[in-house]
Amino acid sequence: MNRTTAKAYSVQDYYQGDDFFNDWDFYTGSDPSGGNVIYQSKSDAQSKGLAYVNGGSDNDNDNDNDNDNDNGDTDSYSSSSSSSSSVVLAIDSTSTVAAGGDRDACSVRISSQTSYSSGLFVLDASQMPVGCSVWPSFWTVGPNWPYGGEIDIVEGINNQAKNQMTLHSGTNYTCTIDTDDSDEYTGSVLASDCYSTESSDAGCSIMDSSSTSFADGFNNAGGGVFALEWDNSVGMSMWHFARSDIPADLTAQAPTPSSWGTPSGFWSAKTCDITDNFYEHQMVIDTTICGSWAGGAYSQSGCSGECTDMVADASNYVDAKWVINYVAVYQ
């Protein structure tokens, strides 16, 4: 099986600018991963300055229904890295709360209204959330977790310097990382068995080798691009490109992943039943605080004090924001 199988991709969905929020649903309420946040509705997030478009109409208060669904597909979109129409997803950085309390205007979690069972998924961001207690992620998830699977394209916590990519499977169909073919990816395997349950949900992870793939390193490089190629017959391939290294074919919206070189992470269909473990996925972008992972690993992260103490200081979250140029899905 050849990971570099050439495919010609064309745009299916392109999420950008003023139309961005029309095609995403806002999850509301407490964080399922136990984070110290309350996720806001679309109208609340926009009125509180937690979800807006730079220079766009969505920067004003917008009381549209959370599930309004205009057609975001358009023949006019730009792959420019300019932040003039970038989408911002922020954490509340002004409220004062007690240590361990919820930041009640705190954060945003959005899910694409369209679901996918294959394709090339691209996130271009000029900034991602950083800081102790912060846990940002860009991921996809299927129905009835863990049976429909989960793919973590961008994820990390606290002072983590490099991006961690993870697959979670939940069926009896095998899914592992092929550690015998380590030349098929540049990252380092952290765990090879993808099988996950409610009580054991580590999944199979690969750590990116690049210091520009996460947090301050990513932001200081002007951000960049993350890409997942989901090919049911070949496997899952993930790349990160710093701003100065984004492939010209991707900028031209004619991506050819077979020309991009060895990916940061690769999960081969030889050792993972892709079709039976991953299907009907929605894309998700969110940021939480503390929670089961960032809170549980806080003392080993080089951060001072306790994770819950960080929550009380609003200034810790000034830089805890996504600034997204676009999200694209190609088929």
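This text goes with the structure placed above it.
Rules behind the numbers
- Sequence order as written defines the numbering, with residues in each chain counted from 1.
- In keeping with the predicted nature of the model, local features appear solely for residues at pLDDT of at least 70, side-chain atom pairs appear and are counted solely at 80 or more, and the whole-chain, interface and lining totals rest on all residues.
- Only hydrogens and water are set aside; all other atoms, that is, all heavy atoms of the structure, feed into the side-chain values.
- A pair of cysteine sulfur atoms is labelled a disulfide when the two atoms are within 2.5 Å.
- Helix numbers and strand numbers start at the N terminus; a helix is a DSSP run of H or I with at least 4 residues, a strand a run of E with at least 2.
- When a residue's accessible area, from a 1.4 Å probe over protein chains only, is under 20% of the maximum for its type it is buried; when over 50% it is exposed; and in between it is partly exposed.
- Salt bridge, as used here, is a side-chain nitrogen of Lys or Arg placed within 4 Å of a carboxyl oxygen of Asp or Glu.
- Among buried residues, those of type Ala, Val, Leu, Ile, Met, Phe, Trp, Tyr and Cys that are joined through side-chain atoms within 4.5 Å constitute a nonpolar core.
- The contact criterion used throughout is that any non-hydrogen atoms of two residues lie within 4.5 Å.
- At least two DSSP bridges between two strands are required for those strands to pair.
- Between 30 and 60 degrees the pair is tilted, below 30 it is stacked and above 60 it is edge-to-face, where a pair is any two Phe, Tyr or Trp rings, Trp via its six-membered ring, whose centres lie within 6.5 Å.

**Brief notes about the state of the cysteines**
Here the structure, examined in full by the defined rule, presents four disulfides. Covalent S-S linkage joins C132 and C303, the inter-sulfur distance amounting to 2.1 Å. With the S-S dihedral at roughly -90 degrees, the linkage between C132 and C303 falls on the left-handed side. Of the two residues, C132 is situated in the loop between β9 (119–127) and β10 (134–141) and C303 in the loop between α5 (291–294) and α6 (307–311); the sequence distance between them amounts to 171 residues. The disulfide that involves C290 links it to C307, with 2.1 Å between the sulfurs. Disulfide C290 to C307: torsion about the S-S bond roughly -110 degrees, handedness left-handed. With C290 in the loop between β18 (281–289) and α5 and C307 in helix α6, this pair connects stretches of sequence that are 17 residues apart. C307 gets classed as buried once you look at its relative accessible area, which sits at 6%. By sequence order of its bonded cysteines, the chain has the disulfide arrangement 1-7, 2-5, 3-4, 6-8. Left unpaired, C106 is separated from the closest cysteine sulfur, that of C290, by 10.0 Å.

**A closer look at the pattern of salt bridges**
Under the criterion given, the structure shown has four salt bridges. For K7, the salt bridge is made with D231, and the minimal N-O distance between the two is 3.0 Å. Highlighted residues: K7 in the segment before β1 (11–15) and D231 in strand β15 (residues 224–231), separated in sequence by 224 residues. Here K7 falls in the partly exposed class, since its relative accessible area comes to 35%. Several salt bridges converge on common partners, so that one network encompasses D178, D181 and K270.

**Structural notes on the nonpolar core**
Membership of the largest hydrophobic core comes to 56 residues, with the highest contact counts inside it found for L89 and W267. Not counting the four nearest positions on each side in its chain, L89 is found in contact with F21, L50, A51, V108, I110, I285, A320, K321, W322 and I324. One finds C132, I289, Y317 and A320 within the second-largest nonpolar core, a separate group that totals 16 residues.

**So, unusual backbone geometry**
Residue P146 is bonded to the preceding W145 through a cis peptide linkage, with omega at 5 degrees. Within the element layout of this structure, P146 appears in the loop between β10 and β11 (150–155). One non-glycine residue, Q253, lies in the positive phi region at around 60 degrees. Mapped onto the elements, Q253 comes out in the loop between α3 (248–251) and β17 (265–268).

**Regarding the pairing of β18**
In terms of burial, β18 is a largely internal element, eight of the nine residues being buried. Both strand β8 (residues 109–116) and β18 contribute to a ladder of five bridges, which runs antiparallel. Across the sheet, the residue bridging to S111 is V284, located in β18. Alignment of β10 against β18, held across eight bridges, turns out to be antiparallel. Its bridge partner being in β18, S137 is matched across the sheet by D286.

**Considerations on the packing of aromatic side chains**
Counted under the stated rule, the structure contains 13 aromatic pairs. Judged by centre distance (6.0 Å) and plane angle (80 degrees), the ring pair of Y27 and Y39 falls under edge-to-face. Placement of the pair is Y27 in the loop between β2 (24–26) and β3 (29–30) and Y39 in strand β4 (residues 37–39), with a sequence separation of 12 residues. For Y27, a relative accessible area of 32% translates into the label partly exposed. Y39 sits in the buried class, given a relative accessible area of 2%. Relative to W260, the ring of W239 has its centre 5.1 Å away and its plane inclined at 85 degrees; by these criteria the two rings are edge-to-face.

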